[in-house]
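# What the coordinates show
Read off the chains here:
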Amino acid sequence: MINPNQITEHMEVVGSCGNHVGTVDHLDGNRIKLTKDDSADGHHHFLDISAVAEVKDGKVVTKMNHKQALAQLH
């Protein structure tokens, strides 16, 4: 289980292959709120913290590749 305290504002969220998924705005309960500027529709999106595999080299790495992670955003 990931320690939520490891996830901080402005960290990059990447897929398991290292491709960009988004940028952390802040934690919102058990979800990571991503910044609006990553989104084509200009809205914040969320990724459930359960999708995070690890925090490594200052990045939040998901358990899936970036396309699968993008599909998980809500």
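Data block above holds the structure.
Presented here is a report on the structure given in the accompanying data block. (Residues numbered from 1 in each chain as written. Predicted model: local features only at pLDDT ≥ 70, side-chain atom pairs only at ≥ 80, totals over all residues. Heavy atoms only, no water.)

## Regarding the pattern of salt bridges
Inspection of every chain in the model, using the stated rule, returns 2 salt bridges. Across the pair Arg31 and Asp28 runs a salt bridge, and its minimum N-O distance is 2.6 Å. (Salt bridge = Lys/Arg side-chain N within 4 Å of Asp/Glu carboxyl O.)

## Focus on the side chain of Thr23
Turning to its location among the elements, Thr23 is positioned in strand β2 (residues 20-28). Taking relative accessible area as the criterion, Thr23 reaches 19% and is therefore assigned buried. When neighbours within four sequence positions are excluded, Thr23 is seen to be in contact with His10, Met11, Lys33, Leu34, Thr35 and Asp38. (Helix = DSSP H or I, 4+ residues; strand = E, 2+ residues; numbered from the N terminus. Buried < 20%, exposed > 50% of the residue type's maximum accessible area, 1.4 Å probe, protein only. Contact = heavy atoms within 4.5 Å.)

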